[in-house]
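Structure assessment
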Amino acid sequence: MRFTLITILFLVFTSGNAQNYYYTLDTNPEAPRSISPLKKGDFYLEAEEADNSNAKWEFYMDPDASGGAYAKVPKYAFEDFDNWNTKPDNTSERLKFTIENVEAGEYTVWIRGKRNGRNREFWVTENNNEKGYEVFDLSSDGTYDWISNHGSNGLSSSDKKIRFNLKEGKNIITIFRKHSAYQIDRIFLTKNGSVPTEEYENSKAVVTSAGVYKEDGTLVRTLWNNELKSSKILETKPDWDFKDDFGNMVNPGNYQIKITTSDVKYEWEGVVGNTSDDFQGNGHVIGSYARMLDMVTEGKYGYIAMGYSEPENNPSSLKIDLENPYKRIEFETLNPFNRGQESYAVTSDGKTVYWGGLDPYSHNSSKWFVFGTKVIDDTFQNFENGNSYRPPSGKESFPSIFGELDNENGHITGMAVQRTGKYLYVVHKNLNLIKVYDKNTGEAVMDIANLNQPFKIFIDAKGSGNLWISHQEGVEKFKISDDGSLEKAGVLITNNQVLSISGEHSGNTITLIDGKDQQLKTYSTGDGKLIKTFGQKGGYENSPDVYDDKFYFGDDQNNFQPHAGITFAAYEADGSVWINDTWNHRVQHFNGTTLEHSLYTQDPLKQVAINPNMPKRLFYYYHEFEIDYSKPFKNFNNSWKLKRNWRGKMKSFGRDGMAAGFQNVVTLSNGKTYAQTLSPNDNNSRFYEIVELDPINGLRYTGITQDRFGEMLHYDGTLRPRGSYNSSTNSATWYKREVTGFNNNNPIWGGKVNLAKVENLDKNDVYNFGASSIPSPMPEVTSGGIIIAYNSDKPDNGGTNFHLGGIKTGSDTYLWKTSPNTPEGYSGNYPTDGRFDISNGVGYNAGGICVTIDNHVFWSYRGEFWKQRQTNYWQHYNANTGAMLGRFGTHVYKTPAKGQAGNMFSGGIVEVNGNYYLYHNGEAHHYGVHRWKISNLDSVKEYKFPVEVSN
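Along each chain, residue indices are assigned from 1 in the same order as the chain's sequence is written. Reporting in this predicted model follows two pLDDT cut-offs: at least 70 for local features of residues, and 80 or more for side-chain atom pairs to be given and counted; totals over whole chains, interfaces and linings ignore these cut-offs and use all residues. The side-chain numbers reported here are obtained from all heavy atoms of the structure, hydrogens and water having been left aside.

**Remarks on the overall build of the chain**
Counting from the N terminus, the helices are the DSSP runs of H or I reaching at least four residues and the strands are the DSSP runs of E reaching at least two. The secondary structure content of the chain amounts to two helices and 68 strands. Buried positions account for 64% of the 951 residues belonging to the chain. Considering only contacts in the chain between residues 6 or more positions apart, those separated by 24 or more positions represent 59%. Per-residue and other accessible areas follow the Shrake-Rupley method at a 1.4 Å probe size, with only the shown protein chains counted as cover for residues. Put simply, the chain shows about 35000 Å² of open surface, and 43% of that area lies on carbon and sulfur atoms. Only protein chains enter the area calculation, which uses a 1.4 Å probe; residues under 20% of their type maximum are buried, those over 50% are exposed, and those in between are partly exposed. By the convention used here, residues are in contact when the closest approach between their heavy atoms is within 4.5 Å.

Structure (structure tokens):
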């Protein structure tokens, strides 16, 4: 994309005071800009941008709200309080905003919101003032209104308007809830007293950044970054005090003040690889850290055990409507934020759904137990012999659990219950143990310990049922005695690698999932003879192409990990079956051989790779998706589809961690495609290996390895250093190694070709150690010949004072440096001006990755533990000048919001039809590959003001 350059012949000789530019809060987590006043003294505050880390306010998506979200207190959170005359003391009831760089004076406060009920009051105050305003009369007709009227409590004004005398600099605005019926969208503070009109809110303004440059283009001073200003800014004289970024007076000579304007649009379109029907609704997104582990159907509903869970992100116990499975049903009983448990197995007798639970944070490190929910209303089932239990990480107790087992090897690998009898069977494979309980009381009946590695179990529907058990010798049929004990029934099915046992409701057949042949195999419950098979034999050992009936269930039950998932087949009463195609990350519903539903959900925290030269091929983990940009981006229209699964010929089970997947994928001059992935011969995940992606024969290892913290494969086929810093010489070197030929289709890379080197570094320079625990692709050389340097760490973890820099190819000095650290102890909102936040509680994973395309640079901030949350913010820069062009993303946490990700460490960017498409991973929330559309790139313009500095 080209930047438009406009030179304004306006000479500046002044040495007067610098102009005071105001920083305020971002009004829109999707927006690419910070909001500075269109008129001096005006500020907008968005509810979702509040410092809400200690509050019980929650954020909800609403397309009618400014920025797409509003804040409210749930009705169940507090009791209503009336007749306040002073500010409430409970900080958990507050919504707090911090405003920087305020000009002192009197401000009128306008609040935009609406109410959904009779009560509509809340309390607003400034700078912890003991007095404040009780605000009332929010609209009750379902529309948002601006209000500034108050009741008799607190301060008073003759016209009933809310007015605050704000001090110079930093101020705090706080809202305390009084009732739970209102929704707060936006706050407007103004010195002129008037409500913001539609004309005012939509008045012409542009995103601007400004800096002072030497004649050779070197940036010496950033004046401001990413501020929304009136277009009249281009008609006024930008003041400069002749100092550089460090406060030193510059040398005499000729300089230029460059103002960059931008109206680039940033749109989060959704995610690839997840078929949830709503990505912004409360509880709608279906996903899990460990995929789906077990499932049972009852009537029109399916109940799914999801495994590992983190509070507020995803439920461990899931319920879906079998006719419309693309939206999870709220299951408040098992809200992970309240209970703090994980579910690994599930079964049902038609009245009670029994869950095999785990508390991984128990005082004994691992507590396994069983609890039940009623089919009729999803409330907890009480058991006479059960105990109340509150997990240490939970907010509420389980009223009744049984089968408690405090053992880190006590993984529940299978459960089965009699529908007409009274027994529940629970398998603990690693303990060679099956425990029998009275399903009605929770009383322990007996232990069965005479089988070698029992794994999966199933009770058929014949009478009180026969129990089928997979163990070391095969799948064996047992008759259940009246006392719960087992008697061999003389049927043993062998020669399968059994990963799951299930069966039709008729009781005439059982179905085994065979991990050796990657097929479903159905047998007679009478004599154990094979009736039919379903699925392409061999799965993905033969080729990587994905088909509906080509399954990848697993590799080996002996490598079972409780967080890694196995598989299941769950039958409905009509004989149709839900099949967990585990390593294709999908659950498919078949009626016979006809596919009726495909429920996709991706593992979080895997590698993303996409090559600008191959924009239709998106890689996530070991999956390859085909992207069709000509179609609207949505599910089931082939705008994306799973094309290939390259995992079938992987050699190492260590391939499934957070670094799993491909780094950059590239097609070289021999027409073959190569990728970089973890070496199978390295137990410590220290080395990467180049692999060939053969669409006919599958993945092929080349034997060419690289140190994981050394060289990375780039999209142009070169190898480049992941870290540029050399501590022994205190220098940073950027180089590349180009492909010089091939040997048996293995690439040969030549010697190092130096691109740039900077010596005598200090903390004000930008360089990378290349020592992060999760390698990510490094930035490229831009189309304008600028090498991009990026440092993603805090200073106490190898970070520098600036985090983004540009160096001309062949140069030994920086052309520009930007994105400085925030001050130590900074506690404000996420910076809108491109600063790198090193405070607010952020952990060692502060920055994310940096990607470049054409002359554009994007760096991300993942913000692990930022304000006890995570962030997904992207800063956009002009690679030629270091001027900031915009910012987009969000830190909204509790509700799956647009662009919500967290812990983002892998991604890439491509250009299609004049627009950019940015793809990246994330942790929890959306369980797929995020996609942003970046458009209107031709709006970027640059204005130059020549400046002469004399002695």
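**Observations concerning the packing of aromatic side chains**
Each aromatic ring pair is described using two quantities: the centre-to-centre distance and the angle formed by the ring planes. In this scheme Phe, Tyr and Trp rings, the latter by its six-membered ring, pair at centre separations within 6.5 Å, and the angle between planes marks the pair as stacked below 30 degrees, edge-to-face above 60, and tilted otherwise. Counted under the stated rule, the structure contains 39 aromatic pairs. Between Y622 and F662, the ring centres sit 5.4 Å apart and the planes meet at 80 degrees, which makes this aromatic pair edge-to-face. Remark: F662 occurs in the loop between β46 (640-645) and β47 (665-667) and Y622 occurs in the loop between β44 (614-620) and β45 (623-627); sequence separation between them is 40 residues. Neither residue differs from the other here; Y622 and F662 are each classed as buried.

**What to know about the side chain of K550**
Positionally, K550 belongs in the loop between β38 (530-534) and β39 (569-571). With no salt bridge to any partner, buried K550 finds its closest opposite charge in D545, at an N-O distance of 6.0 Å. Each residue touching K550, except ones within four places of it in the same chain, is listed here: Q536, G539, Y540, S543, P544, D545, D581, N584 and R586. We score Asp and Glu as negative and Lys and Arg as positive, and we do not count His or the chain ends. Salt bridges are counted wherever a side-chain nitrogen of Lys or Arg sits within 4 Å of a carboxyl oxygen of Asp or Glu.

**Let's talk about the environment of K477**
The topology assignment puts K477 in strand β33 (residues 474-480). According to the relative accessible area criterion, K477 is buried, its value standing at 12%. The residues touching K477, leaving out its near neighbours within four places in the chain, are N466, L467, W468, E487, K488, A489, G490, V491, T525 and G526. Distance and chemistry together define a polar contact, namely a pair of N or O atoms within 3.5 Å, with one atom able to donate a hydrogen and the other to accept it when in protein, and with adjacent residues in sequence counting only for side-chain atoms on both sides. Within the structure, the side chain of K477 is placed 2.8 Å from the backbone oxygen of T525, a separation counted as a polar contact.

**Structural notes on the sheet that holds strand β62 (residues 856-861)**
Whether two strands pair depends on DSSP finding at least two bridges between them. As summarised here, the arrangement of the four strands in space is β61-β62-β63-β64, forming an open sheet in which the pairing is antiparallel. Each edge of the open sheet is held by one strand with a lone partner, namely β61 (847-853) and β64 (884-890). When strand polarity is set aside, the average angle formed by the axes of neighbouring strands in this sheet is 15 degrees. Both β61 and β62 contribute to a ladder of five bridges, which runs antiparallel. Residue T852 lies in a different strand from β62, and its bridge partner there is V857. Each axis is a line fitted through C-alpha atoms, and for a helix only the stretch in contact is used; angles between axes span 0 to 180 degrees, taken between their N-to-C directions.

**A word on the pairing of strand β19 (residues 301-305)**
Of all the five residues making up β19, four are buried; the element is thus mostly covered by neighbouring parts of the structure. Two successive antiparallel strands, strand β18 (residues 294-298) and β19, enclose a turn made up of two residues, where G299 displays a positive phi of approximately 60 degrees. Pairing geometry for β19 and strand β20 (residues 317-321), over five bridges, is antiparallel. Bridging across to β20, I304 finds its partner in L318.

**As for the sheet that holds strand β67 (residues 929-935)**
Overall, antiparallel pairing links the four strands, which are arranged β17-β67-β66-β65 in an open sheet. Strands at the two margins of the open sheet, each flanked by one partner only, are β17 (265-272) and β65 (907-912). On average, adjacent strands in this sheet sit at an angle of 20 degrees to one another, irrespective of strand direction. Sheet topology note: the β65/strand β66 (residues 915-920) ladder contains six bridges and is antiparallel. Of the residues in β66, the one forming a bridge with E911 is Y916.

**Quick look at the nonpolar core**
Nine residue types can take part in a nonpolar core, namely buried Ala, Val, Leu, Ile, Met, Phe, Trp, Tyr and Cys, and a core is a set of them joined through side-chain atoms within 4.5 Å. V272, L618, F662, L693 and Y919 are the most contacted members of the largest nonpolar core, which has 36 residues in total. Secondary structure elements with two or more residues in this core: β43 (608-611), β44, β45, β46, β49 (687-694), β50 (698-707), β65 and β66. The dominant element in this core, judged by the number of residues it contributes, is β44, at four residues. Membership of the second largest hydrophobic core comes to 26 residues, among which are V109, V135, I147 and I175.

**Digging into the pattern of salt bridges**
For the structure on display, the rule yields 31 salt bridges. For D517, the salt bridge goes to K521, with nearest N and O atoms at 2.8 Å. For D517, a relative accessible area of 13% translates into the label buried. Here K521 falls in the buried class, since its relative accessible area comes to 8%.

**Some thoughts on unusual backbone geometry**
Although it is not a glycine, Y621 sits at a positive phi angle of roughly 60 degrees. Although it is not a glycine, Q868 sits at a positive phi angle of roughly 60 degrees. In this fold, Q868 is placed in the loop between β62 and β63 (872-878).

**A closer look at the environment of D377**
Topologically, D377 is positioned in the loop between β24 (367-374) and β25 (387-389). Residue classification places D377 among the partly exposed residues on the basis of a relative accessible area of 41%. As a C-alpha pair, D377 and F331 span 46 residues in sequence and 9.9 Å in three-dimensional space. For D377, the side chain forms a polar contact with the side chain of T379, separated by 2.7 Å.

**Regarding the environment of V250**
Along the chain, V250 turns up in the loop between β15 (219-230) and β16 (253-262). Separated by 36 residues in sequence, V250 and K214 place their C-alpha atoms 10.0 Å apart. Other than its neighbours up to four places away in sequence, V250 contacts W240, F242, K243, D244, Y255 and V949.

**Considering the side chain of N580**
The residue N580 is located in strand β40 (residues 577-581) in this model. Of the residues examined, N580 reaches a relative accessible area of 3% and is grouped as buried. With near-sequence residues (within four places) excluded, N580 lies in contact with M292, F553, I566, T567, F568, R586 and V587.

**Overview of the confidence of the model for the chain**
Per-residue confidence from the predictor is reported as pLDDT, which spans 0 to 100. Looking at the chain as a whole, the pLDDT averages 83, with 81% of positions reaching at least 70. Taken together, the stretch residues 557-565 has pLDDT below 50 and engages in 24 contacts with residues farther than four places along the chain or on a different chain.

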